[in-house]
Amino acid sequence: MQDQLQIITLILKQPQGLIVLAGPTGCGKSSTLHAMLMHCQREHSNIIALEDPVEVGLDGVHQMGMNPAVGLDFSDVLPYVLRADPDIIMVGEVRDAKTAQMALSAAQTGHLVLTTVHGASMGAALSRLQRLAKMSGDDFAITLQLLVEQRLLRKHCELCCGYGCGQCHQGISGRQGIFACHAMQSERLLKKDLSDFCASSSAELRQRAIQYFDQGIVSSAEIDRVLGSESSLTIH
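Residues numbered from 1 in each chain as written. Predicted model: local features only at pLDDT ≥ 70, side-chain atom pairs only at ≥ 80, totals over all residues. Heavy atoms only, no water.

K.L.:
Give me the lowdown on the layout of surface pockets, citing residues and values where you can.
P.N.:
Each pocket or cavity is described by its volume, and for the largest pocket that value is around 430 Å³. Lining the largest pocket are 21 residues, with Ser 30, Asp 52, Glu 55, Gly 92 and Glu 93 sitting closest to its centre. Elements represented by at least two residues in the lining of the largest pocket include exactly helix H2 (29–40) and strand S5 (112–118). Of the residues forming the lining of the largest pocket, the biggest block, five residues, is contributed by H2. (1 Å grid on protein atoms, 1.4 Å probe; cavity = no way out; pocket = protein on both sides within 12 Å on 5 of 7 lines; lining within 4 Å. Points joined across faces, edges and corners; volume = space filled by probe spheres on them. Helix = DSSP H or I, 4+ residues; strand = E, 2+ residues; numbered from the N terminus.)

In structure tokens, the structure reads:
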């Protein structure tokens, strides 16, 4: 985990580029984005977050709640946000082509853009994002700065060791995040780096999960539930 934090904090110092978090609904992507923004808030005063909806107030961050029903969607608000020339922009989720194109354009023109893309894997999420943005492979890869795929595993209750007690919910107490992180640092092998990471990110998530299994924090059944039954083959 410490090595991943070092990667993330390094990339958050970059003046521009795109940070993408990928994963299915409910895997904690928004919470990770909020943590990144609070880290950035220490050094930047002009941070704008577009969220649907705003769930948690963040000190020092200008938050705007989206409401598509009244014409306040990510693609509608982004042009006005860019006129304010913020240092950092958070776009809660890329859902359509217009948002994708504007987010990547902003990431190429002096803004650090943080966003999420829904997908069962990093490869699927990035393929969808690239199609929406209608960018060539080279331009797309160059714009990316950091890729994070994540999941949440349910943790055993430490008091009852998963059997169930008055301090937990049927043996479950809290969640443990697992992450696969990759910084796009090579300008020569960008496309290859990207392809290799997408192919290996699921294996990295499984490896992280197994570490928590070995520590008695999560069960093999929980790893199977979140990552698929093939993960059980690598648990000893």
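K.L.:
Give me the nonpolar core: which residues, what numbers.
P.N.:
If you look at the biggest cluster of nonpolar residues, it comprises 45 residues, and the most contacted ones within it are Leu 129 and Leu 147. With near-sequence residues (within four places) excluded, Leu 129 lies in contact with Leu 18, Val 20, Val 94, Ala 100, Leu 104, Val 117 and Phe 140. Ranked by size, the runner-up nonpolar core spans 22 residues in total, among them Cys 40, Leu 58, Met 90 and Phe 179. (Core = buried A, V, L, I, M, F, W, Y, C linked by side-chain atoms within 4.5 Å. Buried < 20%, exposed > 50% of the residue type's maximum accessible area, 1.4 Å probe, protein only. Contact = heavy atoms within 4.5 Å.)

K.L.:
I'd like a rundown of the side chain of Asp 73, residues and numbers included.
P.N.:
Tracing the sequence through the fold places Asp 73 in the loop between strand S3 (62–65) and helix H3 (74–83). No salt bridge is formed by the buried Asp 73. Its closest oppositely charged neighbour is Arg 95, at 4.2 Å. If we ignore the near neighbours within four places in the chain, the residues touching Asp 73 are Met 66, Pro 68, Arg 95 and Asp 96. (Lys, Arg positive; Asp, Glu negative; His and termini not counted. Salt bridge = Lys/Arg side-chain N within 4 Å of Asp/Glu carboxyl O.)

K.L.:
Provide a residue-level description of the sheet that holds strand S7 (residues 172–183), including the pertinent values.
P.N.:
Strand order across the open sheet formed by seven strands is S3-S2-S4-S5-S1-S6-S7, with mixed pairing between neighbours. Among the strands making up the open sheet, the edge pair consists of S3 and S7. Here the average twist between neighbouring strands, direction ignored, is 20°. Pairing of strand S2 (residues 47–51) with strand S4 (residues 88–91), which is carried by four bridges, proceeds in the parallel orientation. In the sheet register, Ala 49 faces S4, and the bridge partner there is Met 90. Those strands touched by helix H8 (residues 220–227) are strand S6 (144–156) and S7, and its axis lies near 140° from that of S6. (Pairing = 2+ DSSP bridges. Axes fitted to C-alpha atoms, helices over the stretch in contact; angles between N-to-C directions.)

K.L.:
Account for the pattern of salt bridges, naming residues and giving values.
P.N.:
Counted under the stated rule, the structure contains nine salt bridges. Across the pair Asp 3 and Arg 208 runs a salt bridge whose closest N-O atoms are separated by 3.2 Å. Residue Asp 3 is located in helix H1 (residues 2–11), and its partner Arg 208 is located in helix H7 (residues 190–214); the two are separated by 205 residues in the primary sequence. On the basis of relative accessible area, Asp 3 is assigned to the partly exposed category, the value being 40%. A relative accessible area of 14% places Arg 208 in the buried class. For the salt bridge of Glu 43 with Lys 13, the shortest nitrogen-to-oxygen distance reads 3.4 Å. Within this pair, whereas Glu 43 is found in the loop between H2 and S2, its partner Lys 13 is found in the loop between H1 and strand S1 (17–23), the two being separated by 30 residues in sequence. Given a relative accessible area of 57%, Glu 43 falls into the exposed group.

K.L.:
With reference to specific residues and values, describe the pairing of S5.
P.N.:
Most of S5 sits inside the fold, with six of its seven residues counted as buried. Pairing geometry for S4 and S5, over four bridges, is parallel. Bridge pairing links Val 91 to Thr 115 in S5. Where the polypeptide runs from S4 across helix H4 (residues 97–108) and back to S5, its parallel neighbour, the crossover connection is right-handed. (Right-handed = clockwise from strand over helix to strand, strands pointing away.)

K.L.:
Could you give me a rundown of H1, with the residues and numbers involved?
P.N.:
Turning to H1, its buried residues are Gln 4, Ile 8 and Ile 11. Buried residues in H1, looked at end-on, bunch into an arc of 70°, giving them a common side. Residues of H1 that are exposed and point more than 90 degrees away from the buried face comprise Gln 2 and Gln 6. Looking at the buried positions of H1, the neighbouring elements they touch are S1, H2, S5, S6, S7 and H7. (Arc of directions from axis to C-beta.)

K.L.:
Before we move on, could you go through the state of the cysteines and cite the residues and values that matter?
P.N.:
The final tally for this structure, using the stated rule, is zero disulfides. Of all cysteine sulfurs in the structure, the one in Cys 168 sits closest to Cys 160, which takes part in no disulfide; the separation is 3.7 Å. As a non-bridged cysteine, Cys 165 has Cys 168 as the owner of its nearest cysteine sulfur, 3.8 Å distant. We classify Cys 165 as partly exposed; its relative accessible area is 29%. (Disulfide = S-S within 2.5 Å.)

All quantities given are derived from atomic positions and should not be read as evidence of function.
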